[in-house]
Amino acid sequence: MDRDADGTIVGSTGYECSRDGRVRGSAQKSQTQERQDDEWRARRADHQRARSRS
């Protein structure tokens, strides 16, 4: 688990078994991490558009 400075859980990772018995990983991102990822993707797209124009 990932906790913030106040001890609130902000992310976790777990594992699940599929019906055929295989173990698969599963990760849960916090809303803050999702927002940061979205912002990063937007900045990257802007940068790539700018590079393609030059």
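Residues numbered from 1 in each chain as written. Predicted model: local features only at pLDDT ≥ 70, side-chain atom pairs only at ≥ 80, totals over all residues. Heavy atoms only, no water.

1. Some points on the overall build of the protein chain
Secondary structure summary: the protein chain contains 1 helix and 3 strands in total. Each helix and strand of the protein chain, placed in order from N terminus to C terminus, yields the pattern β-β-β-α. Among the 54 residues that make up the protein chain, the fraction classed as buried is 6%. Within the protein chain, contacts between residues at least 6 apart in sequence are counted, and of these 0% link residues at least 24 apart. Total accessible area computed for the protein chain in this model is approximately 5200 Å², and 44% of it derives from carbon and sulfur atoms. (Helix = DSSP H or I, 4+ residues; strand = E, 2+ residues; numbered from the N terminus. Buried < 20%, exposed > 50% of the residue type's maximum accessible area, 1.4 Å probe, protein only. Contact = heavy atoms within 4.5 Å. Areas by Shrake-Rupley, 256 points an atom, 1.4 Å probe, with all protein chains shown as cover.)

2. Quick look at the pattern of salt bridges
Pairing between side chains of opposite charge can happen when the charged atoms of each approach one another. Inspection of every chain in the model, using the stated rule, returns 2 salt bridges. A salt bridge links Asp38 to Arg41; its shortest N-O distance comes to 2.6 Å. Taken as a pair, Asp38 and Arg41 lie in helix 1 (residues 31-53) at a separation of 3 residues, close to a single helical turn. A residue is classified by how much of its surface remains accessible, and Arg41, at 44% relative accessible area, is partly exposed. (Salt bridge = Lys/Arg side-chain N within 4 Å of Asp/Glu carboxyl O.)

3. Examining the confidence of the model for the protein chain
Taken over all residues, the pLDDT of the protein chain has a mean of 78, while the share at 70 or more is 80%. Across the protein chain, the secondary-structure element scoring lowest on mean pLDDT is strand 3 (residues 23-28), at 65, and the one scoring highest is helix 1, at 86. (pLDDT = per-residue confidence, 0-100.)

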